[in-house]
Amino acid sequence: ARARRLIDVVEPSSAAERHLDWVTGGRRHARAGLYGPALAGGAVDRGAIARSIAEATDAGSGRCVAAAFMRLDQGSWLQDDILPKADRAGMLVSLELRTPYLHRELAEFAATVAPEVHLAGGGKRLLRRVLDEVAPELAQRRKRPFAVPLAQWLRGPLRPLLDEHTSSSSVYREGLFDREQVRRLGARHVSGAADESAVLWPLLTLGLWLDGRRAA
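Each value, and the rule that gives it
- Residues numbered from 1 in each chain as written.
- Predicted model: local features only at pLDDT ≥ 70, side-chain atom pairs only at ≥ 80, totals over all residues.
- Heavy atoms only, no water.
- Axes fitted to C-alpha atoms, helices over the stretch in contact; angles between N-to-C directions.
- Helix = DSSP H or I, 4+ residues; strand = E, 2+ residues; numbered from the N terminus.
- Parallel < 35°, antiparallel > 145°, perpendicular 65-115°, else oblique.
- Left-handed = near helix turned anticlockwise from the far one by under 90°.
- Contact = heavy atoms within 4.5 Å.
- Nonpolar A, V, L, I, M, F, W, Y, C, P; charged D, E, K, R; others polar.
- Buried < 20%, exposed > 50% of the residue type's maximum accessible area, 1.4 Å probe, protein only.
- Polar contact = N/O pair within 3.5 Å; in protein donor to acceptor, adjacent residues only side chain to side chain.
- Expected span 1.5 Å × (residues − 1).
- Bend = angle between axes of the 7 residues up to and from the residue.
- 1 Å grid on protein atoms, 1.4 Å probe; cavity = no way out; pocket = protein on both sides within 12 Å on 5 of 7 lines; lining within 4 Å.
- Points joined across faces, edges and corners; volume = space filled by probe spheres on them.
- Salt bridge = Lys/Arg side-chain N within 4 Å of Asp/Glu carboxyl O.

1. Re the packing of helix 12 (residues 179–191) against helix 13 (residues 197–215)
A packed helix pair is summarised by two numbers, namely the angle formed by the two axes and the spacing between the axes.
Then, number 1: Taken N-terminus to C-terminus, the directions of helix 12 and helix 13 make an angle of 125°; their axes are 10 Å apart at the nearest point. On the basis of the axis angle, helix 12 is oblique to helix 13. For the crossing formed where helix 12 meets helix 13, the hand is left-handed. On helix 13, the residues that touch V182, L185, G186 and H189 of helix 12 are S197, V199, L200 and L203.
Then, number 2: By residue class, the composition of the contact of helix 12 with helix 13 is 5 nonpolar, 3 polar and no charged.

2. A look at the side chain of H189
Then, number 1: You can see H189 is positioned in helix 12.
Then, number 2: The exposure class of H189 is buried, given its relative accessible area of 0%.
Then, number 3: Polar contacts involving the side chain of H189 include one to the main-chain amide nitrogen of E196, which spans 3.0 Å.
Then, number 4: Aside from chain neighbours lying at most four places away, what touches H189 is A151, L154, R155, A194, D195, E196, S197 and L200.

3. Side note on helix 5 (residues 65–92)
Then, number 1: The terminal C-alpha atoms of helix 5, which comprises 28 residues, lie 37 Å apart, in line with the 40 Å expected from a rise of 1.5 Å per residue.
Then, number 2: Considering bend angle alone, the principal kink of helix 5 is centred on L78 and spans about 60°.
Then, number 3: Within helix 5, burial applies to A67, A68, F69, L72, I82, P84, A86 and G90.
Then, number 4: Residues of helix 5 that are buried make contact with helix 2 (15–24), helix 4 (48–57) and helix 7 (115–119).

4. Some points on unusual backbone geometry
Then, number 1: Of note in the backbone geometry, S94 takes a positive phi value of approximately 55° without being a glycine.
Then, number 2: Tracing the sequence through the fold places S94 in the loop between helix 5 and helix 6 (104–112).
Then, number 3: With phi around 60°, K124 is a residue other than glycine that occupies positive phi space.
Then, number 4: Tracing the chain through its elements places K124 in the loop between helix 7 and helix 8 (125–134).

5. Some details on the layout of surface pockets
Then, number 1: Of the volumes computed, that of the second largest pocket is approximately 650 Å³.
Then, number 2: Every residue lining the second largest pocket is counted, 24 residues in all, and those nearest its centre are T24, R27, R31, I49 and P202.
Then, number 3: Contributions of two or more residues to the lining of the second largest pocket are made by helix 2, helix 3 (31–34), helix 4, helix 5 and helix 13.
Then, number 4: When grouped by side-chain class, the residues that make up the lining of the second largest pocket number 15 nonpolar, 4 polar and 5 charged.

6. Details of the pattern of salt bridges
Between side chains of opposite charge, a pair can form as their charged atoms come close.
Then, number 1: Here the structure, examined in full by the defined rule, presents 6 salt bridges.
Then, number 2: When the shortest N-O distance is used, the salt bridge between E174 and R214 registers 2.8 Å. Taken together, the residues E174 in the loop between helix 11 (170–173) and helix 12 and R214 in helix 13 connect sequence positions 40 residues apart.
Then, number 3: Of the residues examined, R214 reaches a relative accessible area of 49% and is grouped as partly exposed.

7. Description of the packing of helix 2 against helix 4
Then, number 1: In the contact formed by helix 2 and helix 4, the axes pass within 8 Å of each other and the chain directions differ by 115°. By the angle class used here, helix 2 and helix 4 are roughly perpendicular. In the packing of helix 2 onto helix 4, the handedness of the crossing is right-handed. Seen from helix 2, the contacting residues are A16, E17 and L20; seen from helix 4, they are I49, A50, I53 and A54.
Then, number 2: Of the residues that constitute the contact of helix 2 with helix 4, the class distribution is 6 nonpolar, no polar and 1 charged.

In structure tokens, the structure reads:
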């Protein structure tokens, strides 16, 4: 995954394409080899998402690229992904979570700060300066993603479900994805030869959702 992301940085791709690859782990590069007959050829517009990102950020218009993608994350990834995950996780254990960085006055102040200040010193310059004063041991701690151990789960407790899904799911019976290609990815992942969870997990969840729809 790191090698793929390094290639994404040095390849002559648009800002929208590079951003898409960064946040999806480069999954768009795997699509052509995974599509089944129903999606192969011209059935799917593979550039649609990158174009919509470019339109949302006005990429190429001469505006600050960093500021544009910050706004994009605030309006999409934050409210459609990170915050719902936090809310569901909290409700699961009857825990009321707080999001202090989204306090209105703080968010409004952050929006007035120039992107180059936010990005200076490896990122989060102002927050790290504050931590230097109140908790210096935390000031240079690396960012930790909001993630679960998918790779381990797919090699362990979810492996039987993955095998069953690959054998019987509607996404393969209906020709949406190539069963044998996905099996090869699964074998590579389970053997430890590569971490294919960024592709296997979306396929598994899509298949479970579609199977549920078909059974309803």
